[in-house]
Amino acid sequence: MSSLSVVIPALNEAENLPGVFATIPVEELTSAGWGVEVIIADNGSTDGTAEIAESYGARVVHQPLRGYGNAYKAGIAAARGEVIATGDADCTYPFDDLPRLLSIVDEHQVEFLNTNRLGRENREAMKPSHTVANHALSLVSRKLFKSTMRDSQSGMWVFRRYIWETLKVTSDGMGFSQEIKNAAVREGFRCMEVPIEYRPRGGDVKLNAFSDGVSNVAQLFRHRLRDNALRTDTRAQWHDRSTRPVPPPLMPAQREVPRGAVDRAAQGTVRSGHSLA
């Protein structure tokens, strides 16, 4: 049996948690051979978020130091799963899509899977100003880090836990999301991106588009400068994933996942993420 940790940062999301837990397909995943734990990284909530999470059987990790990145670092550090899946606690991310995403990770030997929310089919779920900002930040990320990921700000990723030990991710705030992706690309891990459904947010919006956007741009350039300072000639071939060992399969061969369905789900998306070696 493979193990999965679903890590969700939360700050005063008590009203949204019932809807979030309703979309996490624990029974389906368990039937497919996954051991599942849900971790809520509570970032100092005052509305009973932690208590509600515990009532749904989640393990709550308390991180009083505010910040999206701080919450994630605490949650990931506490995770026990071989694979970690993430998403926000605001009802926007399709946790019910996890079986498909895990199948893609397994079938395509992916080490870091990003999700793309920026398709036209999701345009009603995101403010136009946020859509423009997401595209702009993603473009800067692609240019600075030689990445082909189209959505650098997406909060839903699936990755193999062992890569976390290698990544140098320092952001305490919203920049954590782009930094973990860019770090995975720069370290030469097998990365891929697939489209997902993005849903309207429940409750109050906590993102400050202007200040968070400026902070994220600054973080991109700090990360690039830091990366240049640390990189040596011996790591000049970081982009050559052909030299990386193929990650082991996540599930036994008898797991019944229609290969054709997985291939169809991934069609048109490898172009948006890194080609797999």
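Residues numbered from 1 in each chain as written. Predicted model: local features only at pLDDT ≥ 70, side-chain atom pairs only at ≥ 80, totals over all residues. Heavy atoms only, no water.

A few points about the pattern of salt bridges
For the coordinates displayed, the defined rule picks out 11 salt bridges. Two residues, Arg201 and Glu13, come together in a salt bridge whose shortest N-O distance is 2.7 Å. Of this pair, Arg201 sits in the loop between β7 (191–195) and α8 (209–230) while Glu13 is found in the loop between β1 (2–10) and α1 (17–23), placing the two residues 188 residues apart along the sequence. By relative accessible area, which is 25% here, Arg201 ends up partly exposed. Overall, the relative accessible area of 6% leaves Glu13 in the buried class. Its salt-bridge partner being Arg199, residue Asp96 comes within 3.1 Å of it at the nearest N-O pair. A residue pair is termed long-range when its members are at least 10 positions apart, and Asp96 in the loop between β4 (83–86) and α5 (98–107) and Arg199 in the loop between β7 and α8 qualify at 103 residues. By relative accessible area, Asp96 is classed as partly exposed at 38%. (Salt bridge = Lys/Arg side-chain N within 4 Å of Asp/Glu carboxyl O. Helix = DSSP H or I, 4+ residues; strand = E, 2+ residues; numbered from the N terminus. Buried < 20%, exposed > 50% of the residue type's maximum accessible area, 1.4 Å probe, protein only.)

A short note on the sheet that holds strand β5 (residues 112–116)
Reading across from one edge, β3-β2-β1-β4-β6-β5-β7 is the order of the seven strands in this open sheet, with mixed pairing throughout. Unpaired on one side and paired on the other, β3 (59–62) and β7 mark the two borders of the sheet. Adjacent strand axes in the sheet meet at a mean angle of 20 degrees, parallel and antiparallel pairs treated alike. Direction of pairing for β4 relative to strand β6 (residues 157–160): antiparallel, over a ladder of three bridges. Pairing of Ala85 across the sheet is with Val158, part of β6. (Pairing = 2+ DSSP bridges. Axes fitted to C-alpha atoms, helices over the stretch in contact; angles between N-to-C directions.)

Description of the pairing of β4
Every second residue of β4 is oriented toward a common face, with Val83 and Ala85 on one face and Ile84 and Thr86 on the other, all of them buried. Summarising the sheet, β1 and β4 pair through four bridges and their orientation is parallel. The residue bridging Ser5 from the neighbouring strand is Ile84, located in β4.

Overview of the confidence of the model for the protein
Across the protein, pLDDT averages 85, with 81% of residues at or above 70. When the criterion is pLDDT under 50, residues 232–239 qualifies, and its contacts beyond four places in sequence or with other chains add up to nine contacts. Note on residues 253–277: pLDDT under 50 across the span, and 46 contacts to partners over four residues away in sequence or across chains. (pLDDT = per-residue confidence, 0-100. Contact = heavy atoms within 4.5 Å.)

Section: the environment of Ile8
Locating Ile8 in the fold gives a position in strand β1. The exposure class of Ile8 is buried, given its relative accessible area of 0%. Placed 12 residues apart in sequence, Ile8 and Val20 show a C-alpha to C-alpha distance of 9.7 Å. In this structure Ile8 touches Val20, Ile24, Val38, Ile39, Ile40, Ala41, Gly87, Asp88, Ala89 and Phe95, once residues within four positions along its chain are discounted.

Details of the side chain of Ser154
Within the fold, Ser154 resides in the loop between α6 (128–145) and β6. On the basis of relative accessible area, Ser154 is assigned to the buried category, the value being 0%. At 3.4 Å, the side chain of Ser154 and the backbone nitrogen of Met156 are in polar contact. When near neighbours in sequence (up to four residues on either side) are disregarded, Ser154 contacts Tyr93, Asn114, Thr115, Arg117, Ser177 and Lys181. (Polar contact = N/O pair within 3.5 Å; in protein donor to acceptor, adjacent residues only side chain to side chain.)

Details of the nonpolar core
With 39 residues, the main nonpolar core has Ile8, Ile40, Leu113 and Val158 as its most contacted residues. At the level of elements, β1, α1, β2 (34–42), α3 (49–55), β4, α5 and β7 are the ones that each hand at least two residues to this core. Here this core gets five residues from one element, more than from any other, and that element is α5. Counting 24 residues, the second-largest nonpolar core is a separate cluster that includes Val61, Ile84, Ile163 and Leu167. (Core = buried A, V, L, I, M, F, W, Y, C linked by side-chain atoms within 4.5 Å.)

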